[in-house]
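Topology and contacts: notes
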Amino acid sequence: GESVGLHLPTLSVQEGDNSIINCAYSNSASDYFIWYKQESGKGPQFIIDIRSNMDKRQGQRVTVLLNKTVKHLSLQIAATQPGDSAVYFCAAGYSGTYKYIFGTGTRLKVLA
Amino acid sequence: NAGVTQTPKFRVLKTGQSMTLLCAQDMNHEYMYWYRQDPGMGLRLIHYSVGEGTTAKGEVPDGYNVSRLKKQNFLLGLESAAPSQTSVYFCASRGQTINQNEQFFGPGTRLTVL
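First, a word on what this report is: a plain description of the structure on this page. Computed from a predicted model, the values in this text were never measured in an experiment.

Further remarks concern the overall build of chain B. Each helix and strand counted, chain B has 0 helices and 11 strands in total. Seen in sequence order, chain B has helices and strands lined up from the N terminus as β-β-β-β-β-β-β-β-β-β-β. Along the first, second and third principal axes, the C-alpha atoms of chain B reach 40 × 30 × 25 Å. A total of 114 residues make up chain B; the buried ones form 50% of that total. Pairs at least 24 residues apart make up 55% of the contacts formed inside chain B by residues separated by at least 6 positions. When the accessible surface of chain B is totalled, it reaches about 5400 Å², and 52% of it is carbon and sulfur. Positive and negative charge centroids in chain B, built from 11 and 8 side chains respectively, lie 6 Å apart.

Written as structure tokens, this is what we have:
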């Protein structure tokens, strides 16, 4: 069946460094991709999304890169801050189904 | 504007008991979802609704029922709780246009079944 996976369960980075969180998806028909941030005890919070007709999208301190050839996307966080400590999920969806498949999440730890 | 709210926040049930989780959204969203989140696994879709009066099964629907009698509310029912249903449950909603991809999540309900 479909799957969405993240490459590392935990990522530790120094405060001020850039973070890169990776995600792979299996369904080549997927055309929406979303990154979520989930802090402890809270629901997931939307960070940024990207459509399959794009290969890069930038937000505030975040960039998502999409490589459809290898079915991979990444989330880059610039100048990582303590407040960025959380679990990050990617999700893949496709038009007409209104549903998303979620990855298992990478826990980002920011070291002071 | 409260967004998505969930009731209750915590609950402990005994095996065989029943309960209903309530989700409410004030964003006039058409689509609503119920997920469960378990350690080491991604969010898994239980049931979803694309509009008032409609529901559909997701990835793991067994043991759950849902109702969407009002557009703003989406109820998740457990008729006879089992320990395997111990989980954190999240409700989400989103708009229906093609540009409204963002799902807004509630704070979650932590359910323990003994």
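Looking along the chain, the bond that leaves threonine 7 of chain B and enters proline 8 of chain B is cis, with omega of -5°. For proline 8 of chain B, the position within the fold is in the loop between strand E1 (4-7) and strand E2 (10-13). With a phi close to 65°, arginine 61 of chain A is a non-glycine residue in the positive phi region. By the secondary structure assignment, arginine 61 of chain A is in the loop between strand E6 (56-58) and strand E7 (62-67).

This part takes up the interface of chain B and chain A. If you look at the interface, chain B gives 21 residues, while chain A gives 19 residues. For the chain B and chain A pair, buried surface summed over both sides reaches about 1700 Å², with 55% attributable to carbon and sulfur atoms. If you sort the residues of chain B by the area they bury against chain A, Leu43, Asn101 and Phe105 of chain B come out on top, with a joint share of 28%. At the junction of chain B and chain A, the tally comes to 0 salt bridges. Taken together, the elements giving at least two residues each to the side of chain B that touches chain A come down to strand E4 (31-37), strand E5 (44-51) and strand E9 (87-94) of chain B.

The next point concerns the side chain of arginine 94 of chain B. Here arginine 94 of chain B shows up in strand E9. Of the polar contacts made by the side chain of arginine 94 of chain B, one reaches the side chain of tyrosine 100 of chain A; its length is 3.1 Å. Discounting chain neighbours no more than four positions away, the residues touching arginine 94 of chain B are Tyr98 and Tyr100 of chain A together with His29, Glu30, Tyr31, Tyr33, Gln100, Asn101, Glu102 and Gln103 of chain B.

So, about the packing of aromatic side chains. This model, assessed by the stated rule, comprises 10 aromatic pairs over all chains. Between the aromatic rings of tyrosine 35 of chain B and phenylalanine 105 of chain B, the centroid separation amounts to 5.7 Å while the plane-to-plane angle is 35°, which identifies the pairing as tilted. You can see tyrosine 35 of chain B sitting in strand E4 and its partner phenylalanine 105 of chain B sitting in strand E10 (residues 104-105), a full 70 residues away along the chain. The class for tyrosine 35 of chain B is buried, based on a relative accessible area of 0%. The buried category is assigned to phenylalanine 105 of chain B, whose relative accessible area is 11%. Plain terms: the ring middles of tyrosine 64 of chain B and tyrosine 89 of chain B are 5.8 Å apart, the flat faces sit at 65° to each other, and that makes the pair edge-to-face. Of this pair, tyrosine 64 of chain B sits in the loop between strand E6 (54-57) and strand E7 (65-67) while tyrosine 89 of chain B sits in strand E9, and the two are 25 residues apart along the sequence. Taken as a pair, tyrosine 64 of chain B and tyrosine 89 of chain B share a single burial class, namely buried. Among the aromatic residues, those joined into a cluster by ring pairs are Tyr36, Phe46 and Phe102 of chain A together with Tyr33, Tyr35, Tyr48 and Phe105 of chain B.

Rules of the game
Residues numbered from 1 in each chain as written. Chains lettered and ligands numbered in written order. Predicted model: local features only at pLDDT ≥ 70, side-chain atom pairs only at ≥ 80, totals over all residues. Heavy atoms only, no water. Helix = DSSP H or I, 4+ residues; strand = E, 2+ residues; numbered from the N terminus. Buried < 20%, exposed > 50% of the residue type's maximum accessible area, 1.4 Å probe, protein only. Contact = heavy atoms within 4.5 Å. Areas by Shrake-Rupley, 256 points an atom, 1.4 Å probe, with all protein chains shown as cover. Lys, Arg positive; Asp, Glu negative; His and termini not counted. Charge placed at Lys NZ, Arg CZ, Asp CG, Glu CD. Buried area = accessible area lost by both parts, 1.4 Å probe. Salt bridge = Lys/Arg side-chain N within 4 Å of Asp/Glu carboxyl O. Polar contact = N/O pair within 3.5 Å; in protein donor to acceptor, adjacent residues only side chain to side chain. Phe/Tyr/Trp six-rings, centres within 6.5 Å; stacked < 30°, edge-to-face > 60°.

These results come straight from atomic positions and should not be treated as a statement about function.
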